[in-house]
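# Structural characterization, general
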Amino acid sequence: MDFIKIAPEEIGENTFKAIGSDWMLVSAGEADSFNTMTASWGGMGVLWRKNVAFVFIRPQRYTFEFTEKYDKMSLSFFGGEKREALSLCGRVSGRDCDKIANAGLTPVWITESCVGYEGASLVLECRKMYADDIREGAMLDPDIMANYSARDFHKMYICEIEAVWKAKADN
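Everything in this summary refers to the structure shown in the same document. What you are looking at is a predicted structure, and each value in this text was computed from that prediction instead of being measured. (Residues numbered from 1 in each chain as written. Predicted model: local features only at pLDDT ≥ 70, side-chain atom pairs only at ≥ 80, totals over all residues. Heavy atoms only, no water.)

## Topic: the overall build of the protein
When helices and strands are counted, the protein shows 4 helices and 10 strands. When the helices and strands of the protein are read in sequence order from the N terminus, they spell out β-α-β-β-β-β-α-β-α-α-β-β-β-β. For the protein, the C-alpha radius of gyration of 15 Å lies close to 16 Å, the compact-globule estimate for 171 residues. For the protein, with 171 residues in total, the buried portion stands at 43%. Put simply, 71% of the contacts in the protein that link residues at least 6 apart link residues at least 24 apart. When the accessible area of the protein is evaluated, it comes to approximately 9,000 Å², of which 48% is carbon and sulfur surface. In the protein, 20 positive and 26 negative side-chain charges are present, and the distance between their average locations comes to 2 Å. (Helix = DSSP H or I, 4+ residues; strand = E, 2+ residues; numbered from the N terminus. Rg over C-alpha atoms; globule rule 2.2 N^0.38 Å. Buried < 20%, exposed > 50% of the residue type's maximum accessible area, 1.4 Å probe, protein only. Contact = heavy atoms within 4.5 Å. Areas by Shrake-Rupley, 256 points an atom, 1.4 Å probe, with all protein chains shown as cover. Lys, Arg positive; Asp, Glu negative; His and termini not counted. Charge placed at Lys NZ, Arg CZ, Asp CG, Glu CD.)

Take a look at the structure:
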């Protein structure tokens, strides 16, 4: 599968749908050691005069170890076609099985630090710029705590979008 580089301003997808409804895969690591997980929380925008993506990962997730160790991560979008595969990647841990293979996903290394997947319509190559833990005391809306009954707060990463890779139309 081939990808072409486009400008972030050329992303045509509705990010609310792409992240919140269709979901995305967050991946980090190197070709010989990486992991991925499904995420439905996050966003894209402009911060500090840079195009950014923000991602939230709970520390107990295996992918968290990779996002902590490596400076870069990738976000892969499928447009809903791989719902079952993304569902599996959100339910099982890469610690326990080869969930990428079990989900029927084929990794494609677009650059040395950016993995995408066959069938992905869009892949964001991101570099971490800022990270902080979500804290109960910082929540201004008490209803948010319904997402944290186990007090297992996410870590938030703000990442510069270094490259946007779009699947070639002839793939």
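## Quick word on the pattern of salt bridges
Here the idea is simple: oppositely charged side chains can pair when their charged atoms come close. Within this structure, the stated rule accounts for 10 salt bridges. Residue Asp22 is joined to Lys17 by a salt bridge in which the shortest nitrogen-to-oxygen separation is 2.9 Å. By relative accessible area, Lys17 is classed as partly exposed at 43%. (Salt bridge = Lys/Arg side-chain N within 4 Å of Asp/Glu carboxyl O.)

## Comments concerning the packing of aromatic side chains
Given two aromatic rings, their pairing is described by the distance between the two centres and the angle made by the two planes. Counted under the stated rule, the structure contains 6 aromatic pairs. Aromatic side chains Phe34 and Trp109 sit 5.2 Å apart centroid to centroid with 90° between the ring planes, which places their arrangement in the edge-to-face category. In this pair, Phe34 is assigned in strand β3 (residues 33-39) and Trp109 in strand β7 (residues 107-111), connecting sequence segments 75 residues apart. By relative accessible area, Phe34 is classed as buried at 17%. Taken together, Trp41, Tyr148 and Phe153 form an aromatic cluster joined through their ring pairs. Just above the ring of Trp23 sits the side chain of Arg83; from NZ or CZ to the centre is 3.4 Å. (Phe/Tyr/Trp six-rings, centres within 6.5 Å; stacked < 30°, edge-to-face > 60°. Lys NZ or Arg CZ within 6 Å of the ring centre and 35° of its normal.)

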